[in-house]
Amino acid sequence: MVNDAASFLDNPETHESLDITGFRDRIGDLPHQCLRAWEQGLKFSLPDDYRNVRNVVVTGMGGSAIGGELLGDLISKDGSPLVTVCRDYHLPPYLGSDSLVIASSYSGNTEETIAAFHDAIQRGAKVVAVTTGGQLLKLAHEEGVPVFQIDYVGEPRAALGYSFLVPLAILQNLRLIADSDEAVLEAAEVLLSLSHRLKPKIPTQDNPAKELAISLHGKLIVIYGGGMLSGVARRWKTQFNENAKTWAFVELLPEAGHNAIAGLQWPKPIGKKACGVLLNTWSLHPRIKLRYQMIEELLGKAGVECRTVDGVGKSTLAQMLSSVLFGDYTSYYLALLNGEDPSPVSPLDYLKSRLKDLQ
Ligand code: F6R
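About the cut-offs
- Residues numbered from 1 in each chain as written.
- Predicted model: local features only at pLDDT ≥ 70, side-chain atom pairs only at ≥ 80, totals over all residues.
- Heavy atoms only, no water.
- Core = buried A, V, L, I, M, F, W, Y, C linked by side-chain atoms within 4.5 Å.
- Buried < 20%, exposed > 50% of the residue type's maximum accessible area, 1.4 Å probe, protein only.
- Helix = DSSP H or I, 4+ residues; strand = E, 2+ residues; numbered from the N terminus.
- Domains from an automatic or database assignment.
- Contact = heavy atoms within 4.5 Å.
- Near = heavy atom within 4 Å.
- Polar contact = N/O pair within 3.5 Å; in protein donor to acceptor, adjacent residues only side chain to side chain.
- Areas by Shrake-Rupley, 256 points an atom, 1.4 Å probe, with all protein chains shown as cover.
- 1 Å grid on protein atoms, 1.4 Å probe; cavity = no way out; pocket = protein on both sides within 12 Å on 5 of 7 lines; lining within 4 Å.
- Sits in = over half its atoms within 2 Å of the grid points.
- Nonpolar A, V, L, I, M, F, W, Y, C, P; charged D, E, K, R; others polar.
- Buried area = accessible area lost by both parts, 1.4 Å probe.
- Salt bridge = Lys/Arg side-chain N within 4 Å of Asp/Glu carboxyl O.
- Pairing = 2+ DSSP bridges.
- Right-handed = clockwise from strand over helix to strand, strands pointing away.

### Some remarks on the nonpolar core
Here comes step 1: Within the largest apolar cluster, 97 residues are counted, with the highest numbers of intra-cluster contacts made by L100, F164, I170, W236 and L279.
Here comes step 2: Top element by residues in this core is helix α14 (residues 316-337). It accounts for 14 residues.
Here comes step 3: Residues from two domains meet in this core; each of domain 1 (2-20 + 199-337) and domain 2 (27-179) gives at least three.
Here comes step 4: Excluding anything up to four places from it in sequence, I170 contacts F44, L46, L100, I102, V128 and V130.
Here comes step 5: Among the nonpolar cores identified, the runner-up in size contains 19 residues, and V57, A116, L136 and L137 belong to it.

This is the structure in structure tokens:
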């Protein structure tokens, strides 16, 4: 079965017949996309008074929100302004004229993001839009709000380089954070070499993303993340949902040590069908790393399989993005094993169009 799965994933025909739109190339392009987004973001200037902010809210949903979450995780350590993510119709109560709101929507037509955009304008926040177009572009023009227009064509979740590194560049341009140039260059190099190891041409025996996908096939997936890999863990979960069309959940440490680990016993058939994926990396908080060891032990005792994936690189950014890329490739291979085209997300389209009809 494992051998069958391996030859299935190693056969170019599998990729061509299931991945009709070339999603695999968009995953492989992430290193270059990051560099393009970073260069374009650094050229994007904002009014001087945008510097006078005490907090930053990235508002968006799904693939357009995750970049904000990664940004918050990335800069949480170095005395930078508080960055939070709002995935809702309303912005947090503390928001005001000393806030920077980055409205992030790939399509520009996401109703929650549009509502939050209006909320930000009403509350006198400094607003910037990151989008390809749609309603958000139109509204931003009407309100005189600066727009970073994404020129990338693909699925919103595939535009992560833009949704993550453009807000990072915006904060750097405003001198709200330290310079990230070196980290971005290192991350792009790390991503490039990782992508060479994980791409479809590399046979399963040498390709850890294919191997992981095979061991996750038919399983209920639980991603464990913590610290700077919290948003990354959510990215893994959502990529499994959207690309592989599979059940996947996320548990964050250290919190999971205070509840989730007590819930591994019932229902018994679920434990047998579950597989935990622990996202680790060398620079995580040492107490979180210890907790990983213990969680692995507890999962083992409960008869739940588990696997560990390590981020690579020197900078926090490289460790985060390398883990993201590993997860993206794994979700892609799992999509194929499930007989799915990784690109379309018809339930999302269905929900959006039903809600539109009910306006
Ligand atoms: C689809 C995807 C979704 C969208 C979300 C919001 O690829 O990733 O999670 O990102 O439905 O839509 P946008 O990004 O257009 O605001």
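### A short note on the site of the ligand
Here comes step 1: Inspection of the region around the ligand gives 14 residues, with S64, S105, S107, T110 and R157 positioned closest.
Here comes step 2: Between the ligand and T110 there is a distance of 2.5 Å, counted from an oxygen atom to a side-chain nitrogen or oxygen.
Here comes step 3: Between the ligand and the protein, one listed contact pairs an oxygen atom with a side-chain N or O atom of E242 at 3.1 Å.
Here comes step 4: Burial of the ligand by the protein chains amounts to 94% of its free accessible area of 400 Å².
Here comes step 5: Spatially, the ligand is embedded in the largest pocket.
Here comes step 6: When the residues that make up the shell around the ligand are grouped by side-chain class, the tally is four nonpolar, six polar and four charged.

### Focus on the domain arrangement of the chain
Here comes step 1: Partitioning the chain into domains gives domain 1 (2-20 + 199-337) and domain 2 (27-179).
Here comes step 2: Just the C-alpha atoms count here: the centres of domain 1 and domain 2 sit 28 Å apart.
Here comes step 3: Taken together, the contact pairs 19 residues of domain 1 with 15 residues of domain 2.
Here comes step 4: Each partner contributes to the roughly 1,600 Å² buried at the junction of domain 1 and domain 2, and carbon and sulfur atoms together form 68% of this total.
Here comes step 5: For the interface between domain 1 and domain 2, the tally reads two salt bridges.

### A closer look at the pairing of strand β6 (residues 220-226)
Here comes step 1: Of all seven residues making up β6, six are buried, and the element is well covered by its neighbours.
Here comes step 2: In this structure, β6 lies alongside strand β8 (residues 274-280), joined through five bridges in parallel fashion. Looking at the pairing, I221 lines up with C275 of β8.
Here comes step 3: Pairing geometry for β6 and strand β7 (residues 248-253), over six bridges, is parallel. Looking at β7, one finds that V222 is bridged to F249.
Here comes step 4: In this fold, β6 hands off to helix α11 (residues 230-244), which returns the chain to β7; that crossover is right-handed.

### Observations concerning the pairing of strand β3 (residues 99-105)
Here comes step 1: Among the seven residues that make up β3, seven are buried, leaving the element largely enclosed by the rest of the structure.
Here comes step 2: Taking every second residue as pointing to the same face, both faces of β3 are buried, with S99, V101, A103 and S105 on one and L100, I102 and S104 on the other.
Here comes step 3: Sheet topology note: the strand β1 (residues 55-59)/β3 ladder contains five bridges and is parallel. Across the sheet, residue V56 finds its bridge partner in β3, namely L100.
Here comes step 4: Inspection of the sheet shows β3 paired to strand β4 (residues 126-131) by six bridges, in the parallel sense. Counted as the bridge partner of S104 is V130 from β4.
Here comes step 5: A crossover links β3 with its parallel partner β4, the connecting element being helix α6 (residues 111-122), and its sense is right-handed.

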